Structure formats: C-alpha cells, structure tokens
Amino acid sequence: MKRRKLLSIASLATAGMLTPIGWNSWVATGKTKSAKAKRLVVVFLRGGIDGLNVVIPHQEADYYQARPTIAIPYPQEENGALDLDGFFGLHPQLKDLMPLWQDRNLAFIHGSGSPIVERSHFQAQDYLENGTPGIKSTRDGWMNRLLGELCLDHQALAINVGNTTPYILKGDMPSANLKPGINSTAAIATDNPLIDQAFSYLYSGTDDLSKAYQDGQASRQLIIKELGEQYPAREGRGAAALREEMIAAARGARNVNAFVDDAGEVAKLLLSDPKNQLVFMDVSGWDTHINQANILNRLLPSLGQGLATLVEGIKPIFADTVIVVMSEFGRTVKENGNKGTDHGSANAMWVLGGAIAGGKVYGNWQGLNRASLYQNRDLAVTTDFRDVLDHILQAHLSMDANSLKRVFPNYHPTNRIDFLT
Amino acid sequence: MRHKLRNFLFILIAGLIFWLNSVTPAAAKVEGSQSRIRHILERLSFGVTAEEIQQVETQGIEAFIQSQLNPQSIAESPLLAQHLNQLDLSLIEQNPIALRQQMGANLKKLKNTKLSLEQQEEIQQQNIELNRETRDQATYVQLARAIYSRRQLQEVMVDFWFNHFNVYGAKNAINFWLDDYVNELRNYAFADFRDLLQITATHPAMLIYLDNQFNSDPNSSDARGAYGGLNENYARELLELHTLGVDGGYTQKDIQSLARIFTGWSVDYQGKKGNKIGFYFNARRHDQGEKVFLGQKITATGMGEGEQALDILATHPATARFISYKLAQYFVADQPPATLVDNLAQTFLTSNGNIKIVLDTLIHSKEFNDPRFYQQKFKTPYQYLISLVRMSEIVQPDFKRIKGMLNQLSMPMYMCVAPTGYKNTQQAWLNPQSMLQKIGFATAIANGSLNRDFSLDDQQLEANLGQLSPHTQQVINQSPPKLLKALLLGSPEAMYR
C-alpha cells in the first residue's frame, strides 16, 4: 500500500516526461521533520566475526586457556589488546576506533545475538535480517519495515551499498542502491543520455515497468548528483562491466578493503540530504575456520579505518547518527585444530554515534567457564539483538509502540540496556 | 533529403496503422490464432525462435503440444550437441562421490600439523575452486540446454521442479551433485509426482541440503557425534514446501513423526555402502519404534516407512492442491484462477499425480487459453536472459557472462539459499534496480556482449518478439535506429511472456 502510494506520486510527477526526473519528485513532498532527522547505519559483518577477539576479556583466565595460539595478548604485551576498561580490550588492529572510545562515542554490547541459535550462516543471517528469529518465512526485512514506519509521518530513504537488495531491505518499500567501491558511479547503459531518453520514453507510463524504471533512474540520479564529481563516470563501460564475482557465504558482500571507499561515499550521501536516513552496508570474509589471526589482522584495519572515515565524514550530523555493527553469530570459545574457530552463538554488537553513552562494554557478561557457556562451547546469548535495535528505534528514531511492533512482530523487550544519552 | 525520408516513413506508418485498423473479421480470426500460437510458445518454451514458429505452423498447435509433453519423441537439436561439445565437462562427468573424496583428501591433509599456514590456506583454496568449477560446469550445461534444447517444455519443467525441490549448491559440497540432481529432475519432469518425491528424498543433494543425512534416532547404535540426534529439517520442508503446503493440515507432531520415519536416510561419502551417487539407508541410525503420521499407524519396516509416508503424501488432496496451485501460477497467472486450480487438483488426484496428464489438462484449460492472461507473466531474470538469447538466436554465447548477469539480477544459479526456491511472480522480481540492470543487459546484449562475432538480425528478432504495442512501436520509430535492438530486447514485450 505504502509503496503503491509512493510510486504513484512519483509517476504522476513524471508522466509523459522524456527527461529523467530529479530525486525530489521520487519521494512525496510534504511535511518533513528532516531538519533534525536521525540516521541509522547498519554494518553487517557476514561470515560470523569472532567477537571474543574483537572485544577481548583479557582478565579471564579461561579466555587464554581456551585459545592457546590465537588469543590476543594482555594489553601490556607485544601486539596486545588495547585496554578498554581494565577488563575488556580491543583488537590492536582496530586502533582507529580508540579515539571514538575515548570520546565516549563507541560502546559494545557483549553476549548479544539471536535468541534462536542457528549455526548455519544463512539461517542465522536470515534471522538478523528479517528480525523474526525462529521464523524463516518472513517475507521482508526489518529495515524495510522500519523504512515504512519512518515514511508514515515524513519522508525517508534507505540506501544499500551493493548490487542487490539484501534480505534486510527487501519488502514493500523501495530503496536506492549505491554500487560498491570507487566505481559506484561508473557508467551504466542508461546513464548515456541517448539511451536514457529512448527508455524514459518507452517507460513513461504509469504501468509497473514504467514506475520501476522511473524510480531506478531517480535513485541513480541521486547517486550521480552526490558522488559523480568525485568519481567521474567512466566512458564506454556498460553494465556488462559490472563485477561478476559473487562469493557464496558472502551473499554478494564485498571484501573489506573496499569498505573504506564505500564509507566515504556513504558519509557524503548521509550529509547531502536529511532524507537519506537509513543505510545498510555489509562486509564479508569473517568466517575464520583456519588461520584466524592472519585473516583478522588483514581485515580489521580496513574495517576500523572505514568506520573512522564514516564518522569523520558525517561530523556535522554525528550527534544524529547511530552506527550499528553486527554479525550473524560469534565463534566457538575454544580454538580448533587449525588455529581457527568454528560457528558459535553470541557475539558483540558495536554501537557508534554522537548520542551513544559510550566508553562502556554493556551486556550481561557471565564469563567463559564451561558451565556458563551455551552447549559447553559458545558464549551464550544474554542480550537479544532486538533489545539493542529496539532501544535505538525508540530512543533515537522516536518510534512509538505500534511502530515498534510492526518492525519487530512477536517481540517483547526483555533486557533493556540504556546506551543512548 | 532526410526530411523527405522522414515524411515518407510517416506516410508509410500512417498507412500501416490505417491498414491494421481496417482488417476484416476473417483476418482478425487468423490474428487471434497467431496470438494463441505465440502464447503457447511463450509459456511452453523459454522464448520464441524462428524454428519453433515454423514447427508449429507445419505441425499445428496440438501436435506441437503433444510432442513437447513427450520429449523423447523430439530429436534433439544439433545446435545443442554443438554447444555441449564445446563445454568443459571434466568435473561433472565424474561421479559426485569421487569429487567429494577428492575434497575429503584435501581436508585430511589439513590435519597435518606440520603444514605452514600458507600451505593450509592453499589447500582450502583448492577445495573452494573444486566446488566453484563443478558448479560452473553444471551451470553452463544447464544454460546450454535451456537455450538450445528443442525439448523446451521439459527444460521449463526443470526450472519449475528445481525451484520446487530447491537445493543450495554451496552448502557443504552439494555442488558435486547438482548436475546429477538436475538430470534426474529432467528425466522425471513429466512422471508421476510420487517418483519425483522418491528421487529427491533419496538424493544426496537434498539429504545434505536439508540435513537429513544427520537425522538419527538418538538411542540407536550408530548415533554419535553430528549423527547423534533427530533432525527435523527435511521432514518439515517435505511437508511445507514439497507436498502438503504450509496450510496443508499437519501438526508439529506429524513433523516429528516424519523426522523419525526418515531417520537413517543418509549419505555415504566413502562410496562403499551407498548407491552409485552415495545414498545410503543406515538401519543402525533408524528409529525402529512405531509412529503415527497424519493419523495413520506406520509399523516399523526400516526404509519402507519413508516410502509409505511418501505414498501418503503423494496422493494427499492437499498435495494435489498445492502442486496444482504452483503449476497454475507458473503457467497462467501470479494469482491463478481458483477454477483452474480446482480442476487441476481433481486431475492430479484421478491421474494418480501424473504430471503429464495434469499439464495436458492445464494447457487445454479455458483459463490457460484465455487471452486475458496472454503476456501477463513477468519473466524471472533467468527466464528473461534465456529468452533474450533465444529470441536473438545468438550462438556460442558467453555462458560465464550470462551467469554473471544472473548474479547481478539476484538470481544466481543453484545459489538460492532458502528451501522455497526462487519465486516466479512479478512481485518478487520487479524492482527499480533490476529494471535498470535489465535494460543495461539488454543494451549490452544488443551490442554483442555475449558474442562479439555474432551479429543480431533485426528482422528476425522483431519477428520472434511478435507484435509490438503501438507505444513501443512509436518509441522505436522516434529513436535512433542504432537503438532498435536494445529497445526491442528491453521492451515490455520482451519482459513478459
């Protein structure tokens, strides 16, 4: 229903026009409380990052016992953890985040995750994306439902960094996508004015195809407008040049190295228009069954640097922005025979933003002795991931109870954690 | 000069429009049957080619339908053989078990503690490549068949059944079994539904995908480790997605009973105890107790229990209805008419679930032949790309590029993670991003991106695409001629079937 409305407004504005429409007509104009619009950026780490080597319990003897070769050394030692609060430390390759921690703009919720434990990447990712753990058949993602709620009283837009729409954004509401990497504005066929003119004419009606074309072009215009100057479109490279690689467990998420570039572009988009309220980015490569230390040492610096770049880029609206970093599950407490870890349950969620009561590790930490582990092997889930998101939706995005119910159906807050100032 | 030409064209087109408007009733009748021919070809194939049009015109519609329902009666196209000959099939021609053992040997090497981390990574990489290359080969073979086979309805049914009985290639090592699995679905595409159930229930691809390989009675003698307990995954999806449907009237108790019934249906990776492709019933992990399933008492008969359960499911009215609904949705309309579904369900029950008979009924139903439903099914990305290649009659296309385009359109082959398979409705596939991408691909294909040495024949393409709407025609007339092919391939006419 909402989508229909949105699209019909767009097509009314464009019926019979030959030229691509501007972004403004894509979403309905009207009252907007966008001046102080709040933003939410979700960064999804696909593959199940090892939260215990990100937020390290360096005062737990069990930690070092369980991980004889891959534990991060004590803070005082060489390549040791960066001490956070005397008990927990940060992986040394995330040093770019330390200023944020010291400014109290970064917090962690340890032991968080899906209350229904699935050790399959896909099922576990599905639950975090559809927001209905235990129910696989949910049609849409919680960010799409959230977008629908934000559009009830003002206009909002969701941007996804990637070539395809991830489950979390699938649903009735349309979203824009930013092609990842520095090629985000590389030419596609319909950027060519001659081609666009012909197809805009072909799809100038009010039928479903026409609406989709018009929405697609409008979304594309936004990206080009905001980012086109920085990275001029390449000539002569059509859609066929789109990257073909798709790594299975990554669901199309890219390698972390592109993350710094993407983060810079996302910052520009967030800053450019208060309507750009929701952003989803995902980064793959965290499935560390073997040789975990090398992999994390390679990937974490870009992740930290990218987040720092994002924060730097949105300075003027940092107070109105929350960035959440999450992953489908954590990994086994004990290291395996290949200097790696296997699929586990709870992880640490990261929250960053000007309004975060940061400099603190939240959650219900129960230690790593065998008795407190889930099935004797994993860090147990003590905070439902929706408890974290629900708090952001309420305190940051000012959602009322009815909206919250629609975003997270069948969910009852259990463990409220106040990490927003 | 140019001005004159334009005037001439205008008069020509105006004349044509006048002529089209003044066709006699007799001519209109021919036009009607022309559009029925087109409708049949659009729905029973992946896109119209000149050869098919000619075939229908020679044979007549009915003979064409009957030949398509009896694919073994159709001599295969030399063009298909030619394309298959040029593909590297070295991996999929091997036994899946042999490939799995190759992977297992690599995994064993990893246990050697003396290996450096670099060596470990290299071995891991070899396994990733082995999986990817096997899947790619299966992908390219299937694309070749879908594009060039003359047994088009059979290939269309492979698309239907694969999504109905979806497996996800990259889970564990399912990639190695994909080609075999698809071939089985092809062989049984028009068979009794019960046979399809048997094929899928005993195929390692399915047993791995839905975890039944681990499904064990916890108290049985061989229950240990990963094989130590009951796993309901397959039982649940068998009921929900393969047979009765989510509202098919079963309970959680039935799911548990069915899971117990299927304990021990597993895979033997050693290639010793199982059948040729590794299916293995392990009686020592089977629950020997009595079960009640859908109100029926199932006595302990080992593997026979599962077969009895499949018998019950294959002939169940809810199954008849569910399969009929899905077929009607695939072949007629996203919201299929209830009358048609009822009719098909009846046929399903009276024919003992014979798919050929059900399809025959479907194709001859008044709903299928109602012009109201012509050109109303929005092509999935798979159907769209294959139809572009077919309508353009491109030979030697770059299969790897087609695969990449499918990835870009969020429909990577054999990589649908959810057991629901890919949907075939407009709601699932029409969105702004994919629309621009499709037009990008249409333009690229028009410019020869799938085969630089092949030049598309405009007239042939137009003929294959069929009658254009006045609006499409008008846009083409007013656009630069060099955009003609792109506009045809990116037109609404090309996006619906």
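Residues numbered from 1 in each chain as written. Chains lettered and ligands numbered in written order. Predicted model: local features only at pLDDT ≥ 70, side-chain atom pairs only at ≥ 80, totals over all residues. Heavy atoms only, no water.

## Focus on the overall build of chain B
And then number 1: Of regular secondary structure, chain B possesses 25 helices and four strands.
And then number 2: Its C-alpha atoms give chain B a radius of gyration of 25 Å, near enough to 23 Å, the size a compact globule of 497 residues would have.
And then number 3: By principal-axis analysis of the C-alpha atoms, chain B measures approximately 90 × 60 × 40 Å.
And then number 4: When contacts within chain B are restricted to residue pairs at least 6 apart in sequence, those whose partners lie at least 24 apart make up 74%.
And then number 5: Accessible area of chain B: about 20800 Å², with a carbon and sulfur share of 54%.
And then number 6: Between the centroid of the 48 positive side chains of chain B and the centroid of its 48 negative side chains there is a distance of 3 Å. (Helix = DSSP H or I, 4+ residues; strand = E, 2+ residues; numbered from the N terminus. Rg over C-alpha atoms; globule rule 2.2 N^0.38 Å. Contact = heavy atoms within 4.5 Å. Areas by Shrake-Rupley, 256 points an atom, 1.4 Å probe, with all protein chains shown as cover. Lys, Arg positive; Asp, Glu negative; His and termini not counted. Charge placed at Lys NZ, Arg CZ, Asp CG, Glu CD.)

## Re the interface of chain A and chain B
And then number 1: Listed as interface residues are 49 residues of chain A and, on the opposing side, 52 residues of chain B.
And then number 2: For the pair chain A and chain B, the summed buried surface comes to about 4100 Å²; carbon and sulfur atoms form 63% of the total.
And then number 3: Applying the counting criterion to the chain A and chain B interface returns zero salt bridges.
And then number 4: Linking chain A with chain B are six residue pairs in polar contact (both at pLDDT 80 or more), by the criterion used here.
And then number 5: Of all the elements in the fold, those that place two or more residues in the side of chain A that touches chain B are helix H4 (121-130), strand E7 (176-178), helix H6 (193-202), helix H7 (208-227) and helix H9 (292-313) of chain A.
And then number 6: Examining the composition of the side of chain A that touches chain B, we find that nine residues originate from one element, H7(A), more than from any other.
And then number 7: Along the lines of polarity and charge, the residues of the side of chain A that touches chain B split into 22 nonpolar, 14 polar and 13 charged. (Buried area = accessible area lost by both parts, 1.4 Å probe. Salt bridge = Lys/Arg side-chain N within 4 Å of Asp/Glu carboxyl O. Polar contact = N/O pair within 3.5 Å; in protein donor to acceptor, adjacent residues only side chain to side chain. Nonpolar A, V, L, I, M, F, W, Y, C, P; charged D, E, K, R; others polar.)

## A closer look at the domain arrangement of chain A
And then number 1: Looking at the assigned domains, one finds that chain A contains domain 1 (34-182 + 252-407) and domain 2 (187-239).
And then number 2: Placing the centre of domain 1 of chain A and that of domain 2 of chain A at their C-alpha centroids yields a distance of 33 Å. (Domains from an automatic or database assignment.)

## Regarding the side chain of Arg38(B)
All names here are of chain B.
And then number 1: On the secondary structure map, Arg38 appears in helix H2 (residues 25-44).
And then number 2: It turns out Arg38 is buried and unbridged, and the closest side chain with the opposite charge, Glu42, is 4.1 Å from it.
And then number 3: Beyond its immediate chain neighbours, meaning those up to four positions away, Arg38 contacts Val48, Ile53, Ala463, Asn464, Leu465 and Gly466. (Buried < 20%, exposed > 50% of the residue type's maximum accessible area, 1.4 Å probe, protein only.)

## Looking at the environment of Leu197(B)
All names here are of chain B.
And then number 1: Residue position: Leu197 is located in helix H10 (residues 193-201).
And then number 2: Separated by 110 residues in the primary sequence, Leu197 and Glu307 have C-alpha atoms spaced 9.4 Å apart.
And then number 3: Beyond its immediate chain neighbours, meaning those up to four positions away, Leu197 contacts Phe165, Leu238, His242, Thr243, Leu310 and Ala314.

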